[in-house]
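The primary structure of each chain is shown beneath.
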Amino acid sequence: MNLLRNVSIKNKIYVIVLLTTIAALLVTCGIICLVDQTLVRDEMKVDLSILARTIGANCTTSLSFEDPELGAEVLKTLQAHPSILQSGLYDQRGNRVAEYRSPHADSPLPQSVPGAEMLKLRENVMWVMSPIIFDKKAIGTIVIESNLSPVHQRLKRNLKLSAVCLLFALLVAFLLCAWLKGAVTRPVEHLVDTARDISSRGDYSIRATPFGEDELGLLVTSFNKMLSQIESKDAELKRHRDTLEQKVEARTSELQLTNDQLLASKEQAEEAARAKSQFLANMSHEIRTPMNAILGMSELALDTSLTSEQRDYVETVQDSAEALLTIINDILDFSKIEAGRVDLFETEFHLRDFVNTAVKSLAIKAHEKGLELLTEIAAEVPDNLIGDSDRLRQILLNLMGNAIKFTSQGEVGVYVSLADQTEPNADQKTTMVQFQVVDTGIGIPKNRQGSVFDNFEQADGSMTRRFGGTGLGLTISSQLVEIMGGKIWLESEPNKGSTFSFTVALELSPNAGPALKPTNPAVVEDLPVLIIDDNKTNRRILTTMLANWHMKPQAFPSGADGLTSLVEATSKEDPFPLLILDCQMPEMDGYTVAKKIKDNPNIRQPKILMLTSLDQKPQEMSLEELGISGYLTKPVRQSDLLDGILNVLEDQPDAHLPQEPVNPKRDPELQGLNILVVEDTPINQKLILRLLEKQGHDVTLAGDGQEALDRLSEKQQREFDLVLMDVQMPVLDGFGATKLIREGEGQSDSRLPIIGLTAHAMKGDRERCLEAGMDEYVTKPIRSQDLFSAMRQVLKRRSERSVSVKPRLEDPAPPPSPGINIDFDAIRRYTEGDENIIREASLVFIEETPRLVEELRDRLARNDTEEVGRVAHSLKGLAASMAAVNTERIAARLEEAARVHPLEQGNELFALLLSAIEGARDTLQAYIDHGSETGADENPVLQ
């Protein structure tokens, strides 16, 4: 029908008549041919049957006297029938005694036949078999095979006749159509010409002339009536046009008045919303201040000696205060969203580090309930993204917190993938990332799932009392997801768990890349790995990670199965070089499995990497005794797993295992160098200075990037063999200084080696250093072996820049025991056991911290968040250099909080930081005064 849409009516009539004629004739001819074919075949069947009986009667003598030659002569008479292909004469037993074959016969007759009467069609031949009766007794059988050439000839003749009839009929139909079409097309063409004339002239008084009283005549009459109505309406419109301006002016005045009223109402509503938000903000601040004091003092009280009853009272106060603070935060966020005052602060972040950090923050709570906490990020998801990571963390933590809250056993998993299941290409600027939080908890009935994202709603009203909460968390998360360009939805079944899924639109960073790839493929390529973990999901995640690195993992759910596999592999001379072992399993835990492996002579000892919970850190001596090379805390980050595997396989000492201090020995490759150290932290200056001087190097110090440029301008660059450049400094940071140095070198062949010093060890930081022009980087706190290893590397490739070397990131030092402010074992590892360096660094810490504390107090009073973050960062670096773990942790929290405006937790964190610094100072002063680590237990660590 669409093909005839733009065809003229005349041609449509031709097409309709001709197609109808063709269709009718084709159907008629087809039926006639089909009937004729059937009749011809029936006639042929009858003729063949008669012929078979006739020939059979003539063959009775041949069969009676068993004379085959006579039978052959009788069959030869069939030559008179051109359509007969072959014939056979069979005796009473069904054996062939004579036959006739024409030159056109294809297949031979059978040697024997059953003797029953038969008539059938086979391909293009007709086959008839008839018994020979003599004296009312069957004495044999005659078989005749004929082709269907008469049928085919008849069909060809009918088709030719049908074609001639069809052409003749089409000619007659075409002539009749040409003669009669004018009765239809002439009135229509006249109506079209009239409509075109009216349209061009705009004269509605013109009328069309009817040619009869049929449907076309009725159409012309209706068209004329329509023109009369249009003419009448046009005249009326001209009359109203004269008064239209007055009506428009009056209506405009009314609309202006209404608009003014609406504007006033809008301003009143906005003012009310601002007043409401301001009131909530003020109330939140007023309530938050004493709440912070309650939380801080309760934390301090819990670190003192309390009776069990007193501890129970204080813990109850602390739990209640945290619950109330959560409610306040929810209400404040909800009011901001409701007032439309939520702004997204988009920054670049590393997705994998972000997700794993968020999940690990809830790991203790999950492990306290015996839950397995899992993460899995698809390999195609880019790592470097741009978005509001704080709001994304708020959504993720809210959903994870709910999942842990409503799950009493099983697991909680966080899964990240691309929403459209396609990897973004270079032309895309944004990608849609999907997050899923899956639990095995109580689930939500279908009739309640639609309301869980409503204000103050939970799946069951009684849950507020049972589990706590405001019911605002999911509402806030839903609205934040919508603001971030995504959507959120729920899938759940009662007693089977829930899956909360949401998508957010994130911008691709210029440095966006997929999942972490192995830095040393030769070590892990085709490496057999045995996994023993009782959790099915965790086995799948670990297997996927290892397979992505082209390893060959095998996973077992129990220690017994794993031991059996190890024995079989050893017996086949194909042992597993690496075992990833879960610590907590039913029936047989990880320690038992490790002991059985070590005690079994039929197992070749593999390298063992243990996975454990945050609250189940293994004893260091037991690890060595059991042959465990290292351990990782769950949930395991992909980068941590790869680093752990490489450490174990390359026999690198694991940071979780005890290490003896190494006596300093001068490296013959690193002596007599002139080194520029650019560092703003006095402790780090002192530490690096002493480490380098002990190796016989000449050191020049600079406090920031600009001072480093001045030092380089004072001397020729060739006089400095190496630059150690801190990344984050005031005035001019390390990135900016390095870029200016490289610009000054231009296209010169002389390139000054630069090693970056940074407190960050996240994925992507090395790339940032290399992009800025640095040759390598070392993470803080600085370890001498790392520093000297990096120096050897860059000096060996002084004239070229290599991006293939990945710095080995050592795991953090063992966490200090509760109640210790300073981890002296870690300091001794950093300083190679040099007590003089420790005392000098301790003095710098004691002298520098009061100045930084006062500067921080001043910046907090001014609410200068940028400066608060800078000073907090300096304190964090200072604390890291002295292994003041709690001071470093609280300073890092304050630095992170300074990114949010207004800085709501500044005073609380400052109070905690001040207490931690005083404890660290007292511990270091006691060490300086007495030459020992006394006083360590007198200053409680702020947890």
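Our structure is the block above this text.
Residues numbered from 1 in each chain as written. Predicted model: local features only at pLDDT ≥ 70, side-chain atom pairs only at ≥ 80, totals over all residues. Heavy atoms only, no water.

> Tell me about the packing of aromatic side chains, and please be specific about residues and values.
On inspection of all chains with the given rule, the structure shows two aromatic pairs. Lying over the aromatic face of Trp489, Lys487 brings its terminal NZ or CZ to 5.4 Å of the ring centre. (Phe/Tyr/Trp six-rings, centres within 6.5 Å; stacked < 30°, edge-to-face > 60°. Lys NZ or Arg CZ within 6 Å of the ring centre and 35° of its normal.)

> Describe in detail the pairing of strand S21 (residues 754–758), supporting the description with residues and values.
For S21, the tally of buried residues reaches five of five residues, placing the bulk of the element in the interior. Side chains Ile754, Gly756 and Thr758 project from S21 onto one buried face, and the interleaved Ile755 and Leu757 project onto a second face that is buried too. Bridge count between strand S20 (residues 722–726) and S21: four bridges; the pairing is parallel. Bridge pairing in S21 places Asp726 opposite Leu757. (Buried < 20%, exposed > 50% of the residue type's maximum accessible area, 1.4 Å probe, protein only. Helix = DSSP H or I, 4+ residues; strand = E, 2+ residues; numbered from the N terminus. Pairing = 2+ DSSP bridges.)

> Describe the packing of helix H26 (residues 835–862) against helix H27 (residues 865–881), listing the residues and the values that go with them.
It is the contact of H26 with H27, at a shortest axis distance of 9 Å, that shows an interaxial angle of 160°. By the angle between their axes, H26 is roughly antiparallel relative to H27. Relative to H27, H26 is oriented so that their crossing is left-handed. Taken together, the residues of H27 that come into contact with H26 (itself represented by Phe845, Glu848, Thr849, Leu852, Glu855, Leu856, Arg859 and Leu860) are Glu867, Val868, Arg870, Val871, Ser874, Leu875, Leu878 and Ala879. Of the residues in the contact of H26 with H27, the class split is nine nonpolar, two polar and five charged. (Axes fitted to C-alpha atoms, helices over the stretch in contact; angles between N-to-C directions. Parallel < 35°, antiparallel > 145°, perpendicular 65-115°, else oblique. Left-handed = near helix turned anticlockwise from the far one by under 90°. Contact = heavy atoms within 4.5 Å. Nonpolar A, V, L, I, M, F, W, Y, C, P; charged D, E, K, R; others polar.)

> How would you summarise helix H3 (residues 68–76) if you had to cite specific residues and measurements?
What H3 keeps buried is the set Gly71, Val74 and Leu75. Along the axis of H3, the buried positions cluster into a sector of 95°, meaning they face one direction only. Pointing more than 90 degrees away from the buried face of H3 are the exposed residues Glu69 and Glu73. On the buried face of H3, the contacting elements are helix H1 (9–58), helix H2 (60–64), strand S1 (84–91), strand S2 (96–101) and strand S5 (137–147). (Arc of directions from axis to C-beta.)

> Give a detailed account of unusual backbone geometry, specifying residues and quantitative values.
A negative phi angle characterises most non-glycine residues, just as the trans form characterises most peptide bonds. We note that Glu587 has phi near 70°; this positive angle belongs to a residue other than glycine. With respect to the element layout, Glu587 can be found in the loop between strand S15 (578–582) and helix H17 (590–599). If you check the backbone angles, Ala883 has positive phi at about 55° while not being a glycine. Of note, Ala883 is situated in the loop between H27 and helix H28 (885–897). Here Ala883 falls in the buried class, since its relative accessible area comes to 6%.

> How would you explain the nonpolar core if you had to name every residue and give the values?
Leu351, Val355, Leu396, Val416, Phe435 and Phe502 are the most contacted members of the largest nonpolar core, which totals 44 residues. The biggest single contributor to this core is helix H10 (residues 389–405), with seven residues. What Leu396 contacts, discounting residues up to four positions off in sequence, is Phe354, Ala358, Val414, Phe435, Val437 and Phe502. (Core = buried A, V, L, I, M, F, W, Y, C linked by side-chain atoms within 4.5 Å.)

> Would you mind going over the pattern of salt bridges in detail, with residue names and values included?
Tallied over the full model, the rule gives 24 salt bridges. Ionic pairing is found between Arg201 and Asp197, a salt bridge with its closest N-O pair at 3.1 Å. Of this pair, Arg201 and Asp197 both sit in helix H5 (residues 182–201), four residues apart, which is roughly one turn of that helix. Assessed through its relative accessible area of 54%, Arg201 is described here as exposed. Between Lys876 and Glu895 there is a salt bridge; the shortest N-O distance is 2.9 Å. Taken as a pair, Lys876 in helix H27 and Glu895 in helix H28 lie far apart in primary sequence, 19 residues in all. For the pair Lys876 and Glu895, one class covers both residues: buried. (Salt bridge = Lys/Arg side-chain N within 4 Å of Asp/Glu carboxyl O.)

> Give a description of the side chain of Gln434 that names residues and reports values.
In this fold, Gln434 is placed in strand S10 (residues 430–439). Here Gln434 is in contact with Tyr415, Val416, Ser417, Ala419, Trp489, Ser501, Phe502 and Thr503, once residues within four sequence places are set aside.

> Which residues make up a nonpolar patch on the surface, and what values do they have?
Among the surface-exposed residues, Val27, Ile31, Val35 and Leu39 lie close enough to one another that they form a single nonpolar patch of about 370 Å² accessible area. Mapped onto the elements, Ile31 comes out in helix H1. (Patch = residues over 30% accessible without salt bridge, like charges linked within 9 Å, V, L, I, M, F, W, Y side chains within 5 Å. Areas by Shrake-Rupley, 256 points an atom, 1.4 Å probe, with all protein chains shown as cover.)

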